[in-house]
Amino acid sequence: AQSVTQLGSHVSVSEGALVLLRCNYSSSVPPYLFWYVQYPNQGLQLLLKYTSAATLVKGINGFEAEFKKSETSFHLTKPSAHMSDAAEYFCAVSDSRASTLTFGKGTMLLVSP
Amino acid sequence: NAGVTQTPKFQVLKTGQSMTLQCAQDMNHEYMSWYRQDPGMGLRLIHYSVGAGITDQGEVPNGYNVSRSTTEDFPLRLLSAAPSQTSVYFCASRTTGLATTGELFFGEGSRLTVL
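Residues numbered from 1 in each chain as written. Chains lettered and ligands numbered in written order. Predicted model: local features only at pLDDT ≥ 70, side-chain atom pairs only at ≥ 80, totals over all residues. Heavy atoms only, no water.

The next subject is the environment of L47(A). Residues and elements named next belong to chain A. Assignment of secondary structure puts L47 in strand β5 (residues 44-50). Put simply, L47 and I60 are 13 residues apart on the chain and 5.5 Å apart in space, counted from C-alpha to C-alpha. Leave out the neighbours within four places in its chain, and L47 touches W35, Y36, V37, G59, I60, F63, L76 and Y89. (Helix = DSSP H or I, 4+ residues; strand = E, 2+ residues; numbered from the N terminus. Contact = heavy atoms within 4.5 Å.)

Attention now goes to the sheet that holds strand β8 (residues 76-78) of chain B. Residues and elements named next belong to chain B. Pairing in this open sheet of four strands is antiparallel, and the strands run β1-β3-β8-β7 from one edge to the other. The sheet terminates laterally at β1 (4-7) and β7 (64-66), the two strands that pair on one side only. Taking each pair of neighbouring strands and ignoring which way they run, the sheet shows an average axis angle of 20 degrees. Relative to β8, β7 runs antiparallel, the two being bridged by three bridges. In the sheet register, Y64 faces β8, and the bridge partner there is L78. (Pairing = 2+ DSSP bridges. Axes fitted to C-alpha atoms, helices over the stretch in contact; angles between N-to-C directions.)

Below, the discussion takes up the state of the cysteines. Each disulfide consists of a covalent bond between the sulfur atoms of two cysteine residues. All names here are of chain A. Scanning the model with the defined rule gives two disulfides over all chains in all. In this model C23 forms its disulfide with C91; the gap between the sulfur atoms is 2.0 Å. On the sign convention where negative is left-handed, the bridge of C23 and C91, at about -65 degrees about the S-S bond, is left-handed. You can see C23 sitting in strand β3 (residues 19-26) and its partner C91 sitting in strand β9 (residues 87-94), a full 68 residues away along the chain. (Disulfide = S-S within 2.5 Å.)

Following this line, the structure appears as structure tokens:
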């Protein structure tokens, strides 16, 4: 069975600092991996996805993630945080394009001036 | 672009009452699903459907029923609401077949409180 672990329920950074949100996955087959963002009182919006092409994936709003098979990781990064990045971020895994998506418990990103 | 539309956005029920959360999508997606979101628990899959007439259980199906009579609609029914069903519910859909990337498109959520 597939699963996702997000390290840290809350991450605090200063505006302009590096953002690093951690995600480790478990899957018996090569996975499909996703990062979603949720702003307050809204639905989830796709940031980026890995579907077995390039291991470094670029997404919207300056975010990117690197798939590392040896570490079973798919950490999300952004070089310089903006106040508007404050939101909850979810990592998700699927063991194929056709199967269901399993979500991590989420990481709340707090950005201070 | 409407995308995935959920109604109602807010609902308060008493224990034992029944209700239906509506979900409609206009993207001709075969796959539709329902998740619930609880603090510290992330999103957990309740039920899903890969096409009209086909439904299956997810991780937390107890207390919920679904049906899929059309491609566009996928209602979620609570037959006898319990306080443990207080949650935010999200409907999501995606394409299927060889062209799919597995990306889910989400509605804005329905916040349910059971007293």
